[in-house]
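What follows is the residue order along each chain.
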Amino acid sequence: MRGIFGLRVRNGKVYRNLASVTSADLDVVKSNFVSVCKQLQDIIPKNDHFIVILMGSALDLAHCEKISKNCKALGLNTILRVTSMKL
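It should be emphasised that the depicted structure is a prediction, and the values quoted were computed from it without experimental measurement.

Quick notes on the rules
Residues numbered from 1 in each chain as written. Predicted model: local features only at pLDDT ≥ 70, side-chain atom pairs only at ≥ 80, totals over all residues. Heavy atoms only, no water. Helix = DSSP H or I, 4+ residues; strand = E, 2+ residues; numbered from the N terminus. Expected span 1.5 Å × (residues − 1). Buried < 20%, exposed > 50% of the residue type's maximum accessible area, 1.4 Å probe, protein only. Arc of directions from axis to C-beta. Contact = heavy atoms within 4.5 Å.

A. Seen up close, helix H3 (residues 61-73). With 13 residues, H3 extends 18 Å between its outermost C-alpha atoms, agreeing within 8% with the 18 Å of an ideal straight helix rising 1.5 Å per residue. All buried positions along H3 are accounted for by Cys 64, Ser 68 and Cys 71. Angular distribution of buried residues about the axis of H3 spans 60 degrees; they occupy a single face of the element. Of the residues in H3, the exposed ones pointing more than 90 degrees away from the buried face are Ala 62, His 63, Lys 66, Lys 69, Asn 70 and Ala 73. Buried residues belonging to H3 abut strand S1 (51-55) and strand S2 (78-82). Backbone geometry just downstream of H3 places Gly 75 in the positive-phi region, at approximately 85 degrees.

Below you can see the structure in the form of structure tokens.
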């Protein structure tokens, strides 16, 4: 059976209908979990992006560092750049 995102969904009724849980039953659950984890690797986006945070001057650094910190918390790669032409 295919579920959301085209993943093969394991039927939960199999587990609910067990009269008792054996080691073999737990091995099946583990095997199904590993199978789903492998399938998820194909839909998890890769971390190959790059966010450039542009500042008008170096005075904006503290604010832009906060933005960068929050982006990194979300798993985003960032770099800070000052665009001012003043020397």
